[in-house]
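Geometric and topological summary
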There are 2 protein chains.
Amino acid sequence: MRQEPRQSDITGHPRQTSRMENIVRYFNHYLPLNSEEKEALTSRLVQRKIKRKQYILQEGDICKYFTFVLEGCFKMYGIDKSGAEHNLVFTAEDDWIADIDSLHKEKPSRLFIEAVEPSTILQISKGDLWYLYTNYPKFDRNFRVIIENKYIELQNRLLQTFSATAYERYESFLEQYPGLTNRLPNTQIASYLGITPEFLSKIRNAKSHPGP
Amino acid sequence: MRQEPRQSDITGHPRQTSRMENIVRYFNHYLPLNSEEKEALTSRLVQRKIKRKQYILQEGDICKYFTFVLEGCFKMYGIDKSGAEHNLVFTAEDDWIADIDSLHKEKPSRLFIEAVEPSTILQISKGDLWYLYTNYPKFDRNFRVIIENKYIELQNRLLQTFSATAYERYESFLEQYPGLTNRLPNTQIASYLGITPEFLSKIRNAKSHPGP
DNA sequence: CGTGACCCTTAATCTGCATTAAGACTATTT
DNA sequence: AAATAGTCTTAATGCAGATTAAGGGTCACG
């Protein structure tokens, strides 16, 4: 049913060269950085390649980095006491991911952040980020806006969770993340929607064979 | 069952005097303001008294203000297509409330913000807030941290919603908001927990008469 | 190229919570 | 002080989605 080859298949062998320009371009959507700020930022970023299923944060660890995704896709999830995973967010290209609670308060995280595809990321440590905040106020501004947008996303998600059925939430997911639908297995989408894969299967079936 | 008199009963006739010093004290928990910043902030705040059940934001309106609660309590909620309310957050003394989505993008809100007690608030308009951001970088910083904390709160709430039963969520609510338990009717708490008042009643009953 | 680790689906059964209804109690308004 | 509107509880019935089980498909990797 998954028609298109995955991103990683298209790309072939990703080059090992630095791709800091992507993050600079990203900031142009907010308050663009001048050359001094660019240098301050890029000199503090570390580029890493992450394999599928590799963690960049595990439960119990303290989140040390704010991570920018250049390529690939991550899920951030918690595990309940019966062992089931619950996806809080997906994060793909040109987006940030971190457990802000753990990062800020330097307390052990209750979450995992795991690559669902082979990925390339840029990471900045908390200390370096704080340095940028203190010395270049524009970063305070830019990250304020980034967090605000993430807050809005979560707020809409929470409202949906309370006020819509699983079927409606699935429809919304398809509209909101058309790019991710073909990249993620249904088990992951089900976990994001707060239902079981079996029930998602039922929903998809009902959708393609609508009753009288 | 509600033993203690409400805040408003204790206070009697609240004075009409300005209480800007509360918000200045609040900012001391973040980056404290110097006298110029205090003046810039307080000269842009408007103090208002709000009656119980009065709205400061209604669905369809554009959210114009960031609101600081001096006294009283508000709920922010959405209404689903069958007319049921779903509380996203409660906001009491020394906390901020706004529909950030509507405020930022100047689009009609899908939410209501309503006083659940007679309240006193301070409001700053979007334009004035943007002025502060632009001219006093400390406000970028302080509001970044405020939003981050609100993001953390929502993230924890979403995780709980997915991974805990209604009974467990009720227990958490009691732990996390002991001060609000006696101030809010159970209908409002049920709406926050994502259940009906009837089922909350059942939970409370099971809690006080635990089976064998 | 085979074998195990996922993944997808169907179907039967089960359950947490909703819905509906109704009565008692309690605030708030007049 | 009465009228009204909101609140709390109990109980019967209903349903969305979980659980369990099982069969078949597909992909990664030795």
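Residues numbered from 1 in each chain as written. Chains lettered and ligands numbered in written order. Predicted model: local features only at pLDDT ≥ 70, side-chain atom pairs only at ≥ 80, totals over all residues. Heavy atoms only, no water.

Section: the protein's contact with DNA strand D
Filter applied, for reference: Proximity criterion: a residue is near a molecule or strand once any of its heavy atoms comes within 4 Å of it. N or O atoms closer than or at 3.5 Å make up a polar contact, with two conditions inside protein: a donor-capable atom paired with an acceptor-capable one, and, for residues adjacent in sequence, both atoms drawn from side chains. Secondary structure elements follow DSSP: runs of H or I no shorter than four residues count as helices, runs of E no shorter than two count as strands, and numbering proceeds from the N terminus.
Near DNA strand D, the surroundings consist of 17 residues, among which Ala 166, Ile 195 and Thr 196 of chain A together with Asn 186 and Ser 201 of chain B are the closest. Looking at DNA strand D alone, sugar and phosphate atoms form 74% of those within 4 Å of the protein. Between DNA strand D and the protein, one listed contact pairs a phosphate oxygen with a backbone N or O atom of Asn 186 of chain B at 3.1 Å. The backbone of Thr 187 of chain B places a nitrogen or oxygen atom 3.3 Å from a phosphate oxygen of DNA strand D. Listed by contribution, the elements that provide at least two residues to the surface near DNA strand D are α7 (166–176) and α10 (197–208) of chain A together with α9 (186–193) and α10 (197–208) of chain B. Ranked by residue count, the leading element in the surface near DNA strand D is α10 of chain B, at 4 residues.

Comments concerning the packing of aromatic side chains
To describe a pair of aromatic rings, you give the distance between the ring centres and the angle between the ring planes. Basically, it comes down to this: Stacked, tilted and edge-to-face are the three classes assigned to paired rings of Phe, Tyr and Trp, where Trp is represented by its six-membered ring and a pair needs centres within 6.5 Å; plane angles under 30 degrees give stacked, over 60 edge-to-face, the rest tilted. Comment: the charge-over-ring label is applied if NZ (Lys) or CZ (Arg) is within 6 Å of the ring centre and within 35 degrees of the ring normal.
Summed over the entire model, instances satisfying the criterion amount to 41 aromatic pairs over all chains. Connected via pairs of aromatic rings, a cluster forms that spans Tyr 26, Phe 27, Tyr 30, Phe 66, Phe 68, Trp 96, Trp 130, Tyr 133, Tyr 136, Phe 139 and Phe 143 of chain A. Its guanidinium or amino end placed over the ring of Trp 130 of chain A, Lys 126 of chain A lies 4.9 Å from that ring's centre, counting from NZ or CZ. A cation sits over an aromatic face here: Lys 75 of chain B above Tyr 77 of chain B, 4.8 Å from the ring centre.

Here's the deal with the pattern of salt bridges
How we decide: We count a salt bridge whenever a side-chain nitrogen from Lys or Arg sits within 4 Å of a carboxyl oxygen from Asp or Glu. Under the scheme applied here, a residue whose accessible area is under 20% of the maximum for its type counts as buried, over 50% as exposed, and between as partly exposed, the area being computed with a 1.4 Å probe on protein chains only.
This structure, assessed with the given rule, holds 28 salt bridges over all chains. The closest approach of N and O atoms between Asp 140 of chain A and Arg 141 of chain B, which form a salt bridge, is 2.9 Å. Note that Asp 140 of chain A is positioned in helix α6 (residues 137–163) and Arg 141 of chain B in helix α6 (residues 137–163), a pairing that runs across two chains. The pair formed by Asp 140 of chain A and Arg 141 of chain B is uniform in burial state, with each residue classed as buried. Taken together, the shared-partner salt bridges in this structure form one network comprising Asp 140 of chain A together with Arg 141, Arg 144 and Glu 148 of chain B.

Looking at the interface of chain B and chain A
Note the threshold: Note on definitions: a residue-residue contact is assigned when non-hydrogen atoms from the two residues lie within 4.5 Å. Defined here as a combined quantity, buried area equals the accessible surface (1.4 Å probe) lost by two parts on assembly, summed across both.
With 40 residues of chain B at the contact, the number on the chain A side is 40 residues. In this assembly, chain B packs against chain A so that about 4100 Å² is buried in total across both faces, 66% of it on carbon and sulfur atoms. Its largest share of buried area at the contact with chain A, chain B owes to Arg 144, Tyr 151 and Phe 162 of chain B, together 19% of the area lost on that side. The interface formed by chain B and chain A holds 6 salt bridges in total. Notably, a salt bridge pairs Arg 144 of chain A with Asp 140 of chain B, separated by 2.8 Å at the nearest N-O pair.

A closer look at the state of the cysteines
Heads up, the condition is: Throughout, disulfides are identified as pairs of cysteine sulfur atoms within 2.5 Å of each other.
Summed over the entire model, instances satisfying the criterion amount to 0 disulfides over all chains. Residue Cys 63 of chain A stays outside any disulfide, its sulfur separated by 17 Å from that of Cys 73 of chain A, the closest cysteine.

As for the relation of the copies chain B and chain A
The condition is simple: Least-squares superposition of the copies uses the C-alpha atoms of those residues scoring a pLDDT of at least 70 in each of them.
By a simple turn and slide, chain B fits onto chain A: the slide is 0.0 Å along the axis, the RMSD is 0.1 Å, and the turn is 180°. Both copies of the chain, as the preceding transformation shows, are related through a two-fold rotation axis. Identified as the residue of chain B closest to the rotation axis by C-alpha distance is Arg 144 of chain B, at 2.2 Å. Here 100% of the contact residues of chain B are again contact residues in chain A; the copies associate through an equivalent surface.

Points about the nonpolar core
Heads up, the rule is: Buried Ala, Val, Leu, Ile, Met, Phe, Trp, Tyr and Cys residues form a nonpolar core when they are joined through side-chain atoms within 4.5 Å.
The biggest cluster of nonpolar side chains holds 92 residues, and the ones touching the most others in it are Phe 66 of chain A together with Phe 66 of chain B. Contacts of Phe 66 of chain A, omitting those with residues within four sequence positions, involve Trp 96, Ile 97, Ala 98, Ile 100, Leu 103, Leu 122, Gln 123, Ile 124, Leu 129, Phe 143 and Ile 147 of chain A.

Section: the confidence of the model for chain A
The line we're drawing: A residue's pLDDT is the predictor's confidence in that residue, given on a scale from 0 to 100.
For chain A, the average pLDDT comes to 89, and 91% of its residues sit at 70 or higher. Contacts of residues 1–15 of chain A to residues separated by more than four positions or lying in other chains number 14 contacts, the stretch itself having pLDDT below 50.

Some words on the environment of Glu 168 of chain B
Residue and element names in this part refer to chain B. Along the chain, Glu 168 falls in helix α7 (residues 166–176). Under the relative-accessibility criterion, Glu 168 is labelled partly exposed at 22%. Along the primary structure Glu 168 and Leu 180 are separated by 12 residues, whereas in three dimensions their C-alpha atoms are 17 Å apart.

Regarding the side chain of Asp 101 of chain A
Residue position: Asp 101 of chain A is located in helix α4 (residues 100–105). The class of Asp 101 of chain A is buried, set by a relative accessible area of 5%. A distance of 3.4 Å separates a polar atom in the side chain of Asp 101 of chain A from a polar atom in the side chain of Lys 107 of chain A. If sequence neighbours within four positions are ignored, Asp 101 of chain A has contacts with Glu 106 and Lys 107 of chain A together with Ile 152 and Asn 156 of chain B.

A short note on the protein's contact with DNA strand C
Here is the rule we go by: We call Asp, Glu, Lys and Arg charged. Ala, Val, Leu, Ile, Met, Phe, Trp, Tyr, Cys and Pro are nonpolar, and the rest, Gly among them, are polar.
Near DNA strand C you find 17 residues, and of these Asn 186, Thr 187 and Ser 201 of chain A together with Ile 195 and Thr 196 of chain B are the closest. In DNA strand C, the atoms that sit within 4 Å of the protein are 75% sugar and phosphate, with bases accounting for the remainder. Backbone polar atom of Thr 187 of chain A to a phosphate oxygen of DNA strand C: 3.3 Å apart, as the coordinates give it. A distance of 3.3 Å is found between a sugar or linking oxygen of DNA strand C and a side-chain nitrogen or oxygen belonging to Ser 201 of chain A. Those elements that provide at least two residues to the surface near DNA strand C are α9 (186–193) and α10 of chain A together with α7 and α10 of chain B. It is α10 of chain A that contributes the most residues to the surface near DNA strand C, 4 residues altogether. Class assignment of the residues belonging to the surface near DNA strand C gives a composition of 4 nonpolar, 6 polar and 7 charged.

Things to note about the pairing of strand β4 (residues 74–79) of chain A
A regular strand places its side chains on the two faces of the sheet in alternate fashion. All names here are of chain A. Put simply, the rule reads: At least two bridges found by DSSP between two strands are what make those strands a pair.
Of all 6 residues in β4, 5 are buried, a share of seventy percent or more. Strand direction decides the pairing type here: β4 and strand β5 (residues 85–91), joined by 6 bridges, are antiparallel. Within β5, the residue paired with Gly 78 across the bridge is His 86. Looking at chain direction, β4 and strand β7 (residues 111–115) are connected through 5 bridges and run antiparallel. Bridge pairing links Lys 75 to Glu 114 in β7.

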